[in-house]
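# Remarks on the overall topology
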Amino acid sequence: MRSSVCSLLVGVARCDDLYLRHADTLRNTILHLALSFFSRYTCGMSNKAPQMLRDWLAEQERSASWLGRQVSVAPSTVKRWLDDGGTVPTRDKRRRLSEITGLPVANEDAWI
């Protein structure tokens, strides 16, 4: 009886160890993916907003005209925003762009 209890406890310990190793691997994978995403869009954030918006529009199959209507500006204004080194939207327009797209474009640092 005693040896079977010991065997059972050793088996549980091995299962816990296996679970913990897989949990660490999963945790590390999630951290790596999150860091990759955030470093792509936040590290060296300078002038990343136009590229993020162009990527988002392409993924969503939306046009600059559509985005302009959502933000209440002319399509030519959006096109100037999308040009690297182009004009920077006002704070209110940056907030609206962020609300619409879910992208971190509200901060002026993302544009300059």
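This write-up is about the structure you can find in this document. (Residues numbered from 1 in each chain as written. Predicted model: local features only at pLDDT ≥ 70, side-chain atom pairs only at ≥ 80, totals over all residues. Heavy atoms only, no water.)

## Considering the overall build of the chain
For the chain, the helix and strand inventory stands at 5 helices and 0 strands. Burial analysis of the chain (112 residues in total) assigns 25% to the buried set. Within the chain, residue pairs in contact and separated by at least 24 positions form 53% of the contacts whose partners lie at least 6 positions apart. Summing over all exposed atoms, the chain offers an accessible surface of approximately 7800 Å²; the carbon and sulfur share of this is 57%. (Helix = DSSP H or I, 4+ residues; strand = E, 2+ residues; numbered from the N terminus. Buried < 20%, exposed > 50% of the residue type's maximum accessible area, 1.4 Å probe, protein only. Contact = heavy atoms within 4.5 Å. Areas by Shrake-Rupley, 256 points an atom, 1.4 Å probe, with all protein chains shown as cover.)

## Examining the pattern of salt bridges
Under the criterion given, the structure shown has 2 salt bridges. Residues D92 and R95 are paired through a salt bridge, measuring 3.9 Å at the closest nitrogen-oxygen approach. A residue pair is termed a helical-turn pair when its members lie 3 or 4 positions apart in one helix, as D92 and R95 do in helix 5 (residues 91-101) at 3 residues. The exposure class assigned to R95 is partly exposed, which follows from its relative accessible area of 43%. (Salt bridge = Lys/Arg side-chain N within 4 Å of Asp/Glu carboxyl O.)

## Examining helix 3 (residues 64-71)
Listed as buried for helix 3 are A64, W66, L67, G68 and V71. Summarising the contacts, the buried residues of helix 3 are in contact with helix 2 (49-60), helix 4 (75-82) and helix 5. Among the residues trailing helix 3, S72 stands out with phi positive, at a value near 65°.

## Describing helix 2
Helix length check: helix 2 (12 residues) gives 16 Å between terminal C-alpha atoms against 16 Å at 1.5 Å per residue, within 8%. Listed in full, the buried residues belonging to helix 2 are A49, P50, M52, L53, D55, W56 and L57. Where helix 2 terminates, the next one or two residues include E61, which has phi positive at roughly 55°. (Expected span 1.5 Å × (residues − 1).)

## Some words on the packing of helix 3 against helix 4
Across the interface, helix 3 lies against helix 4 with an axial gap of 8 Å and an inter-helix angle of 110°. Between helix 3 and helix 4, the angle falls in the class roughly perpendicular. Of helix 4, the residues touching helix 3 (which contributes A64, S65, L67, G68 and V71) are P75, V78, K79, W81 and L82. Grouping the constituent residues of the contact of helix 3 with helix 4 by class yields 7 nonpolar, 2 polar and 1 charged. (Axes fitted to C-alpha atoms, helices over the stretch in contact; angles between N-to-C directions. Parallel < 35°, antiparallel > 145°, perpendicular 65-115°, else oblique. Nonpolar A, V, L, I, M, F, W, Y, C, P; charged D, E, K, R; others polar.)

## With respect to the packing of aromatic side chains
We describe a pair of aromatic rings using the distance from one ring centre to the other and the angle between the two ring planes. Counting across every chain of the model gives 1 aromatic pair. The aromatic ring of W66 is capped on one face by R62, whose charged end is 4.3 Å from the ring centroid. (Phe/Tyr/Trp six-rings, centres within 6.5 Å; stacked < 30°, edge-to-face > 60°. Lys NZ or Arg CZ within 6 Å of the ring centre and 35° of its normal.)

## Some thoughts on unusual backbone geometry
With a phi close to 55°, E61 is a non-glycine residue in the positive phi region. Take E61: it is sitting in the loop between helix 2 and helix 3. Positive phi, normally seen in glycine, also occurs at S72, with a value near 65°. Residue placement: S72 occurs in the loop between helix 3 and helix 4.

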